[in-house]
Each structure stands twice: as structure tokens, then as C-alpha cells.
Amino acid sequence: MDDVTAEHPDTTLDQPREAGPATAEHRRLAESDDPKAPWRRWGPYVSGRQWGTVREDYSADGDAWAYLPFEQSHLRAYRWGEDGLAGLCDVEGFLNLGLVLWNGRDDRLKERYFGLTNPQGNHGEDVKEYWWAVEGTPTHSYARWLYRYPQAAFPYEELVRVNGERGVHDEEYELADTGVLDEDRFFDVEVVHAKGRPSDVCVEITATNHGPEAAPLHLLPHLWFRNTWSWGLDDRRPLLRQVGAPGEQVAVLAEHHELGQVLVQAEGAPEVLFCDNETNLAAVYGDDALPADYTAYPKDAVNRAVVHGQTDACNPERRGTKMAFWWRFEAVPPGESVTVRLRLTELSGRPDPSTGFGEVLARRAAECEEFYAAVLPEGTDPEDALIARRAFAGLQWGKQLYLYDVTRWLEGDPGQPPPPAERLQGRNRHWTHVNLAEVISMPDEWEYPWFATWDLAFHCVPLAHVDPWFAKYQLLLMCREWAMNPNGQLAAYEWNFSDVNPPVHPWAAWQVYAIDGNRDRDFLQRIVLKMLLNFPWWVNRKDPEGSNIFEGGFLGMDNVGLFDRSETLPDGQRLEQADATAWMGMFCLRMLRMSMELAREDPAWDEVATKFLVHFLAIAQAMEDVGTGHISLWDAEDEFFHDVLVDEQGHTFRMPVRSMVGLLPLTGVSLVPNWVAHELPDLTDFFDGWTRRRPELADALLHTNHRGYSLRTLSMCDKGQWYAVVRHLLDEGEFLSPHGIRSLSAAHREGVEIDLHGKHMSLQYVPGESDSGMFGGNSNWRGPVWMPVNALLVDALRSYGRAAGAGQTVEMPTGSGRRVSLEQVADEIEDRLVGIFRPGPDGRRPSTPRHHPAGPLWDAHPTFSEYFHGDTGAGLGAAHQTGWTALVAHFVCARGGLPNR
């Protein structure tokens, strides 16, 4: 590794930077480096959906959607969590406060979001509601949330029926399609949380009638304890009871053996209704199932009292484990609003009596403005600032308490009927060590109310701009002994922890480290140590031939291939995957980079760096030589990388598809800091000696001299391959869309067909919703734009442009004659990605899903979907996935990219 004659300008930016600004919220964050820190104690940690989850499934066949369906969610007590609208709870989820509504016409209270199960939806599970996370600070000192509630009866049956009549080639039938929102006949209900102190939360609920006529509305915020007493493990029952003399402010005291005493006060004179958070056994199982200690006031009592007029449904003694404050507004005039207020206070930390409710809201709102003014770069366009802030708000509201003890779940509870024997041989049986009770960043609060490890890694990048401690904590949490498998595998997601997610943890960890100022070496050391456990799992399990070419499986990109890449192939065949190999090359480079950083202060890490350097060089070399046929993953004729199928005899067949699979090798790139030659001589000497003995491996180190500087780049692709793939990437007839990089080349609009071992297979560019049932049919990688892989490609383009590609230009778009640098390419792709959310000339944002009506009440709100139409940019898939789609906030905050690659 040659020495350098001059310092590259970016080198000074590798040095630790000073801590961030000292706003009030930043000061609170500085005091909150613990998951149970006072300012983190209360937050919007209640799930958007608990019914239909794996955790609540105690069936023999593993059909979670059917075991506890939406129709029973108001009747049955949950075992592993709670759900609600704009839910607020303590960090352990003992006491919950959530919005409940009734318009006088619905057949049930609106307590939780409604959506279709995976079998009901023509593209899988699909929520049928409209809401937006409007604001949120990372300590939850201030938060705002908006929900759109129809004034007509909610069309539950119609949504199920019509979607059931549609196929995969049809559009989904949405709430707005039913006509119930026509003429703006809805209430916009805004919920604001503002903390006076860590244990003092002011809650304001305001409902505005946007319809043309007066309309009734009932506001019934519910307060309830999570049921911990029905399972035979702890029979201690908490208690809610009304306190105070008649005529005084309505107040309810919550008493809990671990949480202590919490007082919830309501302004005005709402009626109070009490029941118990326990299953209505008679309604679910029949009268024969009633035990002697069965409560007379089960979970749905408030619903029966309000909606069905059953005056004796609730406990007349005004006590229980669930209750509602009931405000009635018989006719809210058009254009008018009604407001109710609650204040939740732990009695061990009373609020300052001199701080009024309105003062708390105003102060925290002002501090929120101050915080984001400091987070966003000076001069950020106001519309981009709004987009970033909404993305950050979605991340804050997407934090959910996740409870799951797999051993207890498999074996059942002593106070409940034993689970069927089939469960012990069913889902997640190899993950009995998993025992989580943590607030975790979720991909989507309804469709994905459970963590997915590779999703979470991407969440942490934007999170690091506002809450670096939480970002680091989340990355480390996935690696802790109660989450990571003893064999080193990271859990994928609760439907199948054993599935394989791409190994993006090291990439995300390095991004977080850099965003946080390159100073937290303790975090860097901890994540590298954990990845040293994960890396051998990949090598031992996903490279069965020891060839340094990896299989992986579906690797998060669901239906990207001609067949399901997670399925075992017949007759001993295996699929050598260009993307799996690229992921591992990137894994090695990030581990190398972090190890080099640690070796600057501790020479012992030098040898770890050496290990990953050698492994990376071997992977880069192996990309050119697969199987006994010595076929390469690189197709010289097509000038692209492809998966290769290898049979037992070593015969090979290259998959003729240009997809994200073949773009990902670009991500195996890293600038070698020029301080390495001076500060890590052992690593430098080793590299020189190794490449002298194995000169064929030296091809992965690219030397560039630019403006008097010697630049060195490690890359899985040689320069010819790099620029050839970039030509495809920047071709508007292939990958480059007006809204980012497509997941499948648009050149496949007419389809790709092959016959392989007598089996006919085909694949076609599908820019919108999936037309394949693969992986549940609710995800499509055959054309749409996905934010996470775009972020990786932008990072790679910028890294290459600062090193091996310095001073070089490419055509953008391909064939246009316009030449720009690779760094400019990265900037322009980022701009296209941010542009998905910017309003167009008509006020409509490209990202707005097709079914959202037009108009200022809709166009004002950016919508963060799971992925985006490859031609139009319209939001698709999960409708509230501010998880990895929140990377758009990272693009806004890190204009021009992070300096320390």
C-alpha cells in the first residue's frame, strides 16, 4: 500500500467533531442516555396494531391473521402488548392512554386502525385509514398527530368485500374510494402531547369538522392497564378509580405495583365509564366458558355502553383496569373545532403548579422549532424542511414497545389452556433465547408492528441526526444476547426470525458514527465485536462451498428474482447470488474501516483490519470465478452482474435479469484514508506483502492521482465494470427514473422468459403493486423505487467519486451527452428522491398515493410509503412506512454526503 505524497482534503474531516448545539431538547437528550431515562419514560410507544401478530397467535397452524382477527380485537385481551390511536404509555407499557372516537353512526367505537389481513387484501395486508405523524421530538417532550375520521358509518364490510373481489392486477379499494369522505365529510382529529416535566404529560385533543354540515362527535380517550394478571404468572391487579369530590375536576387515579400512582385529570365534566381489560369470554367462546372469577365488565363494556346503549355494561362503582372519559358533542358546526384536555402525572413527580397547560404546550412547541432549526442545515428550503421534519416525526411515533418471550410463547402460560403440541415444532422454535421488552423502531406502526433487522439499520441513519444515542442503542440491541442467535445470526422479523436479512448493520453503524461526529469509539468497538460474531455465521452458513460467493436467500428483496430465492432448490442446485456476495463485500469493507479507526488508538485492532482486508480481496476475486465452469457473476456481454445457478456437477446458468441484484456490487467500495499509511504501518506492510504473493488480488485496490493527491480505493468492481454498470444505472430506459433508481430495469417491460430444467419461468418490469403472490404479495421489487437501496447506491457513487472516480465524468442521463462527476450524480439522485415528496405545480406531491383525494387538506401532508411507483413516484405498499423511507430526512440533513466514508 503505497504512501501518499499529500493529504487528501477530506482527511481533516475524519477527526472527531464537537458536540451538537445546546437547545433545550439537546440538553434533555444529553441527560437521556438510558432506555429508562426520565425524559424517555413516557412516549407514543403503543402499537398501531396488536391483533393479527405472531405474538398473539396461539394456533396450531400458525395462521396469525385468523387466530386473533380485527373483529375480535375489541373483545379479547392481548397477551403481549396493546394497540390504539395516538397511544401514549410508560416505557414498560403498564399504563396506556389512547384516543377513541365515535361519530354516532359506526357499529363500534373507533379504538384502533382498521385494515385487511393478508388473505383479504388483493396485495396482502393493507390498512384502510388516513393519519399523519405531524411533529415529534426525540424525548417526546412535544408531539403532534393527525387522524382523519369519517362522519358517515365506517364501511368495514364494503372494504373487505370489494377488495376480496379484486385480483393482483387490480388497484386496491381504499377508504376514499367508498365515497364516505366526499365533500370533506370528516373530522380532522389532532392529538398533542407536551411534557411539563418527564412525568407530567399534557394531552390536548382537537377535532375540526371539515364537512358542509354540523355533525355529532363523541371523544372518549381511554385509559387502561396492560393485562398482566390473567396468565397465571402474577395475579396482582392494578386499579383505576375515580377520585375527588363531586363537582371538582374529573380525575382518575391509576395504582400499579411497579409503576406507582399516576393521576389523570380531565378538564370540563366528561362522564367516566369503567370496566376491565379482560376478554369477553361469553361473546368469544360462549357462556359455557365462564369461570367463577369472570369479570362482569370485560374489555368491550365501554363500546356496549356508548354504541349500543347498554346502561349497565360498565362498573357502577367507577373502578376497574380500563376506563373512558366521555365527552359528547351533538352537533359540531362546519368549520368549527372542539377541544378536550387531559393531564397525566406521576404522583412521585408532581407538575410545577405555576406551569399552566397552555404554557406547557406553547413552550414545548417553541423548543421543537428551535431543535429542528439546529438539526437542519442552514438555508434548507422550507418545503424540504417540512419533509424532513415529517419524516423525523414518523420515526418518533414509530417507536413501539415490543414484548416477546419466545420460550413462554411456545410453551404457553400456566393460567391458560396449553397450546397445541404443533406449536413446539412451529415458527421460531430455534429462537427460544429471544426475550425482548424494549422500545424498538418499527418499520410501520400498522403493517409492520414488529422489528425487521435490516429495516431498523436504515432507520438508525436518519435517527442519528436527531437522537444518536437511540440510533446506537437500537443497532446494539439487535446484537444483544436476548436477540442475536447464539450461532451469530441476527433475527430477521417475527414471522420468521430465521430468514435472512442483508447484513447492513456495519454500514449503518459507520454512518451513525460519522453523523454523531466520529467520537464514540466505545460504540464502534461494541458494534465491531458483535459483528465479529455475526460474520462467521454468514461464512459458515451462506458460503457452503467455501468459494467466497454467497447465497443468502431472499435478502429482503422479496420477489426480485425469477423464483423464490428462499426456497431450497431441487437436485442439489444452489444459487450464487451477486447481491449476497456484494452485501458481504460491503460488510468486509465497513468492518475494515471501523477496525482501522479503532486501530488508531489501540494497535490490537490492526489484526482485525487485516482479517477483513484479506476476506474482502478474496470476495472481490471470487466474483470472477464461480463453480467448476469458472463462470463469472460478471457478464461481459451484458456488462452487468447476475445471479448464477450451479448444479451438482458444477454446471452453471446465469440468470438473464438486470435488477438491483446487479447494481449492488457497486456498494462494495471504500476510500482508504491516507492516514493509514502513516498510522497503521503493520496493516500497510501486510497488504503490500500479501498482494506481492497474490498479485491477482491487487486488482481490488484502485490508485488514482488527482490534483497532486494520491487516492486509493478498495472496490469489488474494476473501473471498466464500475462505469459499465453506472451506464445502466443512469439510463432512463432502464434504472434511472424521475424519482430515483428502480429496482428492476425498465428494459424488461416486455418481460424475461427462461426454461430451466424443464420449468418455464418469467419476470416482467412492474412499476407499481406486485402482480406476484411471492412473499405474501404485499411487496414488489420488480420495478418500484426503494429508498434503502437508493441510499446505499448514492453513498457508493459519492465514495467512488471522491476517490477512484475523482476528476472523471459520466453521462447523466446515459446517452444525453451531458457529463457530470459521480458526486454530482449522487447529488442529483438524492434530489430526485427528495423530489418524490415535494409538491408539484398543481400542489400534488408525486409520493401521494393514487387514492388520496386532491385538495389542500390532503396535499399539505407528505405521505411516506414503503416504496414508490417506478414511473410516477406514487406511494405504494405499506402506507405509513416512515421507517427506512425516513432516509429522505438524512438526504436533507447531509447535503453532499458525510465526509467520513
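Please refer to the structure higher up on the page.
What you are looking at is a predicted structure, and each value in this text was computed from that prediction instead of being measured. (Residues numbered from 1 in each chain as written. Predicted model: local features only at pLDDT ≥ 70, side-chain atom pairs only at ≥ 80, totals over all residues. Heavy atoms only, no water.)

K.L.:
Provide a residue-level description of the side chain of Glu174, including the pertinent values.
P.N.:
If you trace the backbone, Glu174 turns up in the loop between helix 3 (156-165) and strand 9 (186-197). The class for Glu174 is buried, based on a relative accessible area of 4%. (Helix = DSSP H or I, 4+ residues; strand = E, 2+ residues; numbered from the N terminus. Buried < 20%, exposed > 50% of the residue type's maximum accessible area, 1.4 Å probe, protein only.)

K.L.:
Pulling in residues and values, what's your account of the side chain of Thr206?
P.N.:
Take Thr206: it is sitting in strand 10 (residues 200-209). A polar contact is formed between the side chain of Thr206 and the side chain of Thr339, at a distance of 3.0 Å. (Polar contact = N/O pair within 3.5 Å; in protein donor to acceptor, adjacent residues only side chain to side chain.)

K.L.:
Account for the sheet that holds strand 13 (residues 239-243), with residues named and values stated.
P.N.:
What the 9 strands build is an open sheet, ordered 7-8-9-10-19-15-14-13-17; its pairing is antiparallel. The open sheet is flanked by strand 7 (131-136) and strand 17 (319-320), the only strands paired with a single partner. As judged from the 5 bridges shared by strand 13 and strand 14 (residues 250-256), these two strands associate in the antiparallel manner. By the bridge assignment for strand 14, Arg241 is matched with Leu253. (Pairing = 2+ DSSP bridges.)

K.L.:
Describe helix 17 (residues 681-693), listing the residues and the values that go with them.
P.N.:
With 13 residues, helix 17 should reach 18 Å at 1.5 Å per residue; the first-to-last C-alpha distance of 18 Å fits that figure. Looking only at helix 17, the buried set comprises Leu683, Thr684, Phe687, Gly689 and Thr691. (Expected span 1.5 Å × (residues − 1).)

K.L.:
Give me the lowdown on the sheet that holds strand 22 (residues 574-576), citing residues and values where you can.
P.N.:
With antiparallel pairing, 3 strands are arranged side by side in an open sheet as 22-25-26. The open sheet terminates on both sides in strands that have one partner only, identified here as strand 22 and strand 26 (652-654). Taking each pair of neighbouring strands and ignoring which way they run, the sheet shows an average axis angle of 25 degrees. Examined bridge by bridge, strand 22 and strand 25 (residues 644-646) share 3 bridges and lie antiparallel to one another. The partner of Leu575 across the bridge, within strand 25, is Leu645. (Axes fitted to C-alpha atoms, helices over the stretch in contact; angles between N-to-C directions.)

K.L.:
Now, about the pairing of strand 15 (residues 260-266): what can you tell me, with residues and values included?
P.N.:
Relative to strand 15, strand 14 runs antiparallel, the two being bridged by 7 bridges. Residue Val252 lies in a different strand from strand 15, and its bridge partner there is Val264. In this antiparallel pair of consecutive strands, strand 14 and strand 15, the connection spans 3 residues. One ladder, built from 5 bridges, connects strand 15 with strand 19 (residues 337-346); its direction is antiparallel. Following the sheet pairing, Gln265 is matched in strand 19 by Arg343.

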